[in-house]
Amino acid sequence: MKVHIIGGGNLGVSIALGIAKFSKNNQVTVTRRNIASIQYLSEYGITVSNDNKHNIQEADVVILTIKPYQVDTVLAEILPVIQNKTIASAVSGLSLEVLQTKTNFEYPVVRIMPNIAAQFGESATCISFPEKYKDNAAPIVDLFQDLGTAPVIDEKLMDAATVLGACGTAYALRYIRASMQAGIEIGFDSNTALSIAAQTVKGAAKMLLEERVHPEQLIDRVTTPQGCTIVGLNEMEHNGFSSSLIKGIKTSLKQIKG
Ligand SMILES: NC(=O)C1=CN([C@@H]2O[C@H](COP(=O)(O)OP(=O)(O)OC[C@H]3O[C@@H](n4cnc5c(N)ncnc54)[C@H](O)[C@@H]3O)[C@@H](O)[C@H]2O)C=CC1
Ligand SMILES: O=C(O)[C@@H]1CCC=N1
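Bear in mind the structure is a predicted one, so any value in this text is a computation, not a measurement.

Remarks on the overall build of the protein chain
Helix and strand counts for the protein chain come out as nine helices and nine strands. Projecting the C-alpha coordinates of the protein chain onto the three principal axes gives extents of approximately 70 × 40 × 30 Å. The 258 residues of the protein chain split such that 38% are buried. The long-range share in the protein chain, meaning contacts at least 24 apart out of those at least 6 apart in sequence, stands at 60%.

Structure follows, in structure tokens:
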């Protein structure tokens with residue numbers, strides 16, 4: 001598949017690298033206005049250009065990884081030269097209905113919400129599309145399955161998916177950072193504390209994904225009666241651990257919905 005990514009920033013570059021590393025038989029072009037900082041992508045076989053229309057006519061799918069306020073400018077530039085091509089948008093908050101309106105209902109559209117772990121083949125990419133475009137969406141779902149997981153969800157949950165699956169990367173990293181800081185306080189150097197904290201999260205996530213059980217079932221296996229885990233967990237909860245996470249996620253969602 002020929003993939004044309006417009007917006008070679010944090011997400012666009014992650015997707016491009018993910019495709020180059022984890023998805024076979026694809027050609028990727030990435031565009032942005034100033035390409036100096038992404039020239040290195042050519043080492044991975046990725047074409048880099050400051051012209052959004054470069055190679056676009058050969059593309060099978062155009063992926064938008066630009067900010068919401070850049071959409072109109074980019075569409076005005078590319079629509080005249082991409083008749084009938086599928087447009088996959090990762091733009092947060094941009095509904096399929098609005099995207100269809102902006103593209104005069106003339107282009108197959110797909111909404112994708114990856115996260116930056118696409119670069120490591122570990123994105124949780126939620127995908128949504130109008131039923132009539134399911135054949136156009138199928139290769140995009142396949143592509144993102146190569147970059148992690150790619151569940152197709154109801155479009156009304158796409159904003160929620162943005163918060164849980166895309167912003168979620170930052171929340172998880174903040175948990176790891178806090179653990180690392182605590183680790184330093186209790187005696188580790190920062191590198192060791194970071195390695196232990198990150199690997200512990202990776203291990204916990206792997207157990208959950210492989211065993212498909214409720215987190216509390218695994219927590220029960222860690223919390224030895226009268227042990228040190230349960231007292232620490234309860235202290236965290238007394239200080240609003242779960243509550244602050246839930247509140248933060250709901251605040252992020254409000255920001256997207258405007
Ligand atoms: N960063 C993330 O983890 C995620 C971001 N998103 C969404 O993806 C979009 C991009 O986010 P980021 O990558 O974080 O932003 P970013 O600012 O890092 O990337 C946007 C890129 O678009 C380029 N750009 C701006 N105008 C352009 C134009 N006219 N033609 C071509 N390129 C142009 C910019 O130079 C920049 O490199 C946003 O809508 C964001 O909500 C969605 C999921 C995850
Ligand atoms: O912070 C943001 O607005 C974007 C959307 C999801 C992740 N980053």
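A closer look at helix H2 (residues 71–78)
Buried within H2 we find Val71, Val74, Leu75 and Ile78. Viewed end-on, H2 has its buried residues packed into an arc of 100 degrees, placing them on one side of the element. Opposite the packed face of H2, turned more than 90 degrees from it, sit the exposed residues Thr73 and Ala76. Next to the buried residues of H2 lie strand E1 (2–6), strand E4 (61–64), strand E5 (86–89) and helix H3 (96–102).

Focus: the side chain of Ser49
Mapping Ser49 onto the fold places it in strand E3 (residues 47–49). On the basis of relative accessibility, which here comes to 6%, the residue Ser49 falls in the buried class. Excluding anything up to four places from it in sequence, Ser49 contacts Val30, Thr31, Arg32, Ile35 and His54.

Side note on the site of ligand 2
Within the structure, ligand 2 sits among Thr162, Ala166 and Cys167. Within the complex, the protein chains bury 40% of what would otherwise be the 250 Å² of accessible surface of ligand 2.

Here we look at the pattern of salt bridges
According to the stated counting rule, one finds seven salt bridges in the structure shown. In this structure, the salt-bridge partner of Lys102 is Asp72, at a minimum N-O distance of 2.7 Å. Taken as a pair, Lys102 in helix H3 and Asp72 in helix H2 lie far apart in primary sequence, 30 residues in all. Judged by relative accessible area, which is 46%, Asp72 ranks as partly exposed. Residues Asp154 and Lys156 are paired through a salt bridge, measuring 3.1 Å at the closest nitrogen-oxygen approach. A relative accessible area of 65% means that Lys156 is categorised as exposed. Taken together, the shared-partner salt bridges connect Arg111, Glu155, Asp159 and Lys257 into one network.

Focus: helix H9 (residues 241–257)
The end-to-end C-alpha separation of H9 is 25 Å, in line with the 24 Å expected for 17 residues at 1.5 Å each. Taken from the residues just after H9, Gly258 is the one with a positive phi, measuring 80 degrees.

Some thoughts on the UniProt feature "binding site: NADP(+)" (unreviewed entry) in the protein chain
Per the UniProt record, "binding site: NADP(+)" (unreviewed entry) is annotated on Ile6, Gly7, Gly8, Gly9, Asn10 and Leu11. In the annotation above, Ile6, Gly7, Gly8, Gly9, Asn10 and Leu11 are the residues that line the second largest pocket. Mapping Gly7 onto the fold places it in the loop between E1 and helix H1 (10–22). Look at Gly7 and you get buried, because its relative accessible area is 12%. With sequence-adjacent residues up to four places away left out, Gly7 is seen in contact with Gly12, Thr31, Thr65 and Ile66. Looking at the secondary structure, you find Asn10 in helix H1.

Definitions and limits used
Within each chain, residue numbers correspond to sequence positions counted from 1 in written order. Chain letters and ligand numbers both follow the written order, the letters beginning at A and the numbers at 1. Since the coordinates come from a predicted model, pLDDT governs what is reported: local features require at least 70, and pairs of side-chain atoms require 80 or more to be given and counted, while whole-chain, interface and lining totals use all residues. Note that water and hydrogens are dropped before the side-chain values are worked out from all heavy atoms of the structure. Strands here are runs of E lasting at least two residues and helices are runs of H or I lasting at least four, both read from the DSSP assignment and numbered beginning at the N terminus. Partly exposed residues are those whose accessible area sits between 20% and 50% of the maximum for their type, while under 20% is buried and over 50% is exposed, using a 1.4 Å probe and protein chains only. A contact between two residues is defined here by any heavy atoms of the two lying within 4.5 Å. Throughout, the arc means that of the directions going from the helix axis to the C-beta atoms. We define proximity as follows: a residue is near a molecule or strand when any one of its heavy atoms falls within 4 Å of that partner. With residues, only the protein chains shown are counted as cover, and all accessible areas are computed by Shrake-Rupley using a 1.4 Å probe. Note on definitions: salt bridges are taken to be side-chain nitrogens of Lys or Arg within 4 Å of carboxyl oxygens of Asp or Glu. To estimate the expected span of a helix, count its residues, drop one, and scale the result by 1.5 Å. UniProt positions are given in the numbering used here, feature names are shortened, and annotations may be inferred rather than shown by experiment. Two kinds of site are reported from a 1 Å grid over the protein atoms alone, namely cavities, where a 1.4 Å probe fits but cannot get out, and pockets, open sets with protein on both sides within 12 Å along at least five of seven lines, and residues are called lining when an atom falls within 4 Å of a point.

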